[in-house]
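Remarks on the overall topology
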Amino acid sequence: MYLISLYHSTAFKGNERFEAYGDEYENIVRLLNAIEDCYVSTPENLITPDYTEESLKRLFISNSTFLNYYLNASLSYFEQDVERIRQTFKHFESHIRDETGLEIQDFIDFFFLITNLEIEIYNQHFNHKYNPEEHMLIIKMRDNPTSLTNDELLQVSYLAENGVLGLGIPINKLKESMPSEKVDKILVMFMMIRNENENYLYYTDTCDYLSKPLLMTDPDHIALLYSKQLITAIYDYLFELCKEADKNGRKVLMRREDYLEDKTYEVFRDFFGEEAKIYSNYQVNGPEKDLLILKGKHAYIIECKANKYRIPFRDPIKAYDRINDDFKKSIGKGYQQAKEIEDLFSGDEPFEIKNERGKILETIHPSEFMEVFTIVVTQERFGQIQCDLNHLLEIDENDNFPWAVFIDDLETFLITLKRKKNHLFEFPVFLLEREKLHGRMFCSDELELCAYFLFDRDNFLKYCNSEDLFVSSPDVHQFFDLLYHVGFGFKNELNISDKLKRYSPEALAVINKNKLLKPESFK
């Protein structure tokens, strides 16, 4: 994305076509790695003999948060992205229509239209079965590339190059399925064009490709290099547009918070079922709280925080103060609010929970509950400092860490966990064991830890009950993607009829080994 933005900020120069093969390609990769290394490494002038342990801790927090922000793509599934757009901006439909001439559904329809066309064109170019000679060459390249002759290598390069060049999406194809004027408006919003900018140099500069992920290959075709970025760009565009609906953008921030609370309630209700008691927007002698779930002898105190995650500074000293401030306003505040209720459960006296009108909903007797868990659900993913709360969360020595989780990760985890017969027993087990990892972990993605518990449970429990440093691996994400390929379990899941027809030995092996049931949504 950085390289694409850099190219589009450069003026047209030269008239010969450049093809990055061999040494040229290797040199580009080397230079990009060298650039990235500059951001990964710590400036030598910051490490001095009088550097304290606290200073090193702050440096680690700044660098890990910085890298998580710039080197990780947005991780979520299309269903989650589309629902977030619909539910967050549905109250601003008239404002969006007045400003753009488009409905929210138009943006979503365009995304699916262009994505489906991309898949169709890709399949046309890379399905060589209509040409037996090309098909056999592709298989040979895949299975035994070192056996190819020089002529065969040239032919493979030709096929690959024409395949890539042929992946352009015809604009007239878009206009066959969507009104021409709507297509033109959306292309203007999200099409990246060359715009000379000599000041665009750094990874940390505003990356235009993030907001304009459609590229024009010629006057009649566009390319979508990373379809996930388009739906992310649509959300960001609508968010900024709706901030203009009032003076300080407070209305859209409130809707964002409302959506997070509603979504969190829905996710937990679906997981626990109708038998669990779930109280939302309840009160206990003070300000309103978000969620309280009572299921058997377990209580779950949940606070939702939709605070924005500000861009971290490159300067690690300045960065730490901003990171710490954002953390306290989000996860820190959520924990403190939940802790007020947790303390009541730790006491001996019964207490009452009420609705906003003061009506008593239930009288809680703390002695009736064996375990009480605190969960902070966030609208943003905070990376390392969210996975290992020991870095920034201030708690008393005898208190337990809460579980702080990004809403999309929470949904993905609970949908998968519910496919186990004993999911209601397994969830508190996960929370109890997961809490032991704080203070000795390298991990920037909570779903990795969830995957370990779901698909490598025995080793996960060993890690949790060891005193060794734990470093998670991003490879475990593949399990969720394998399940998504054959049907995940989202409500209104996209292309579900096609997914259920797919045969994937890898996904089937995961399902059988872990004894996963069919999601209820399939039934």
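Provided above is the structure to which this section pertains.
Residues numbered from 1 in each chain as written. Predicted model: local features only at pLDDT ≥ 70, side-chain atom pairs only at ≥ 80, totals over all residues. Heavy atoms only, no water.

Some words on the overall build of the protein
- Scanning the protein for helices and strands turns up 22 helices and 13 strands.
- For 523 residues, the compact-globule estimate of 2.2 N^0.38 gives 24 Å, and the protein sits close to it at 26 Å.
- Once the C-alpha set of the protein is aligned to its principal axes, its extents read approximately 80 × 65 × 55 Å.
- Residues counted as buried form 45% of the 523 residues belonging to the protein.
- Long-range contacts, defined here as pairs at least 24 residues apart, represent 71% of the contacts in the protein between residues at least 6 apart.
- Just so you have it, the protein exposes about 28,200 Å², and 51% of that area is on carbon and sulfur atoms. (Helix = DSSP H or I, 4+ residues; strand = E, 2+ residues; numbered from the N terminus. Rg over C-alpha atoms; globule rule 2.2 N^0.38 Å. Buried < 20%, exposed > 50% of the residue type's maximum accessible area, 1.4 Å probe, protein only. Contact = heavy atoms within 4.5 Å. Areas by Shrake-Rupley, 256 points an atom, 1.4 Å probe, with all protein chains shown as cover.)

Notes on the sheet that holds strand β1 (residues 169–170)
- In spatial order, the strands read β1-β4-β3-β2; together these 4 strands make up an open sheet with mixed pairing. Single-partner strands in this sheet number two, and they are β1 and β2 (191–192).
- Across 4 bridges, the pairing between strand β3 (residues 214–218) and strand β4 (residues 221–224) is antiparallel. Within β4, the residue paired with Leu214 across the bridge is Leu224. (Pairing = 2+ DSSP bridges.)

A few points about the side chain of Gln229
- Note that Gln229 resides in helix α12 (residues 227–243).
- Exposure remark for Gln229: the relative accessible area of 6% places this residue in the buried category.
- In this structure, Gln229 is in contact with Met1, Tyr209, Leu210 and Pro213, ignoring residues within four places of it in sequence.

Some words on unusual backbone geometry
- Positive phi outside glycine occurs at Asn492, with the angle close to 55°.
- Examined against the element boundaries, Asn492 turns out to sit in the loop between α20 (478–486) and α21 (496–501).
- The residue Asn495 is not glycine, and still its phi comes out positive at about 55°.
- Looking at the secondary structure, you find Asn495 in the loop between α20 and α21.

Some details on helix α16 (residues 407–417)
- Among the 11 residues in α16, 11 count as buried, and that is most of the element.
- Buried within α16 are the following residues: Ile407, Asp408, Asp409, Leu410, Glu411, Thr412, Phe413, Leu414, Ile415, Thr416 and Leu417.

Overview of the nonpolar core
- Membership of the largest hydrophobic core comes to 57 residues, with the highest contact counts inside it found for Ile375, Trp403, Phe413 and Phe427.
- Judged by nonpolar contacts, the second largest core, of 38 residues, contains Ile169, Met189, Leu238 and Val252. (Core = buried A, V, L, I, M, F, W, Y, C linked by side-chain atoms within 4.5 Å.)

Regarding the packing of helix α17 (residues 423–434) against helix α18 (residues 446–455)
- At a minimum axis separation of 11 Å, α17 and α18 run at an interaxial angle of 120°. Our classification of the angle between α17 and α18 gives oblique. Where α17 crosses over α18, the handedness of that crossing is right-handed. Counting all contacts with α17, which are made through Glu426, Val429, Phe430 and Arg434, the residues of α18 involved are Glu446, Leu449, Cys450 and Phe453.
- Here the contact of α17 with α18 is built from residues that sort into 5 nonpolar, no polar and 3 charged. (Axes fitted to C-alpha atoms, helices over the stretch in contact; angles between N-to-C directions. Parallel < 35°, antiparallel > 145°, perpendicular 65-115°, else oblique. Left-handed = near helix turned anticlockwise from the far one by under 90°. Nonpolar A, V, L, I, M, F, W, Y, C, P; charged D, E, K, R; others polar.)

What about the environment of Ala276?
- Structurally, Ala276 is set in the loop between α13 (250–272) and β5 (277–283).
- Distance in space between the C-alpha atoms of Ala276 and Leu294 is 5.9 Å, their sequence separation being 18 residues.
- The residues contacting Ala276, other than those within four sequence positions of it, are Arg269, Ile293, Leu294 and Lys295.

Focus on the packing of aromatic side chains
- Taken as a whole, this structure holds 38 aromatic pairs when the rule is applied.
- Ring pairs connect the aromatic residues Phe268, Phe271, Phe272, Tyr300, Phe373, Trp403, Phe413, Phe427, Phe430, Phe453 and Phe460, which therefore count as one cluster.
- Between the NZ or CZ atom of Arg194 and the centre of the ring of Tyr7, over which it lies, the distance is 4.2 Å.
- Between Lys499 and the ring centre of Tyr484, over which it is positioned, the NZ or CZ distance is 3.4 Å. (Phe/Tyr/Trp six-rings, centres within 6.5 Å; stacked < 30°, edge-to-face > 60°. Lys NZ or Arg CZ within 6 Å of the ring centre and 35° of its normal.)

Comments concerning the pattern of salt bridges
- One pass over the structure, following the stated rule, counts 34 salt bridges.
- Glu54 serves as the salt-bridge partner of Arg58, at 3.3 Å between the closest nitrogen and oxygen. With a gap of 4 residues between them, Arg58 and Glu54 both fall in helix α3 (residues 53–71), about one helical turn apart.
- With a shortest N-O distance of 2.5 Å, Arg84 and Asp408 are connected by a salt bridge. Placement of Arg84 in helix α4 (residues 78–89) and of Asp408 in helix α16 is noted, with a sequence separation of 324 residues between them. (Salt bridge = Lys/Arg side-chain N within 4 Å of Asp/Glu carboxyl O.)

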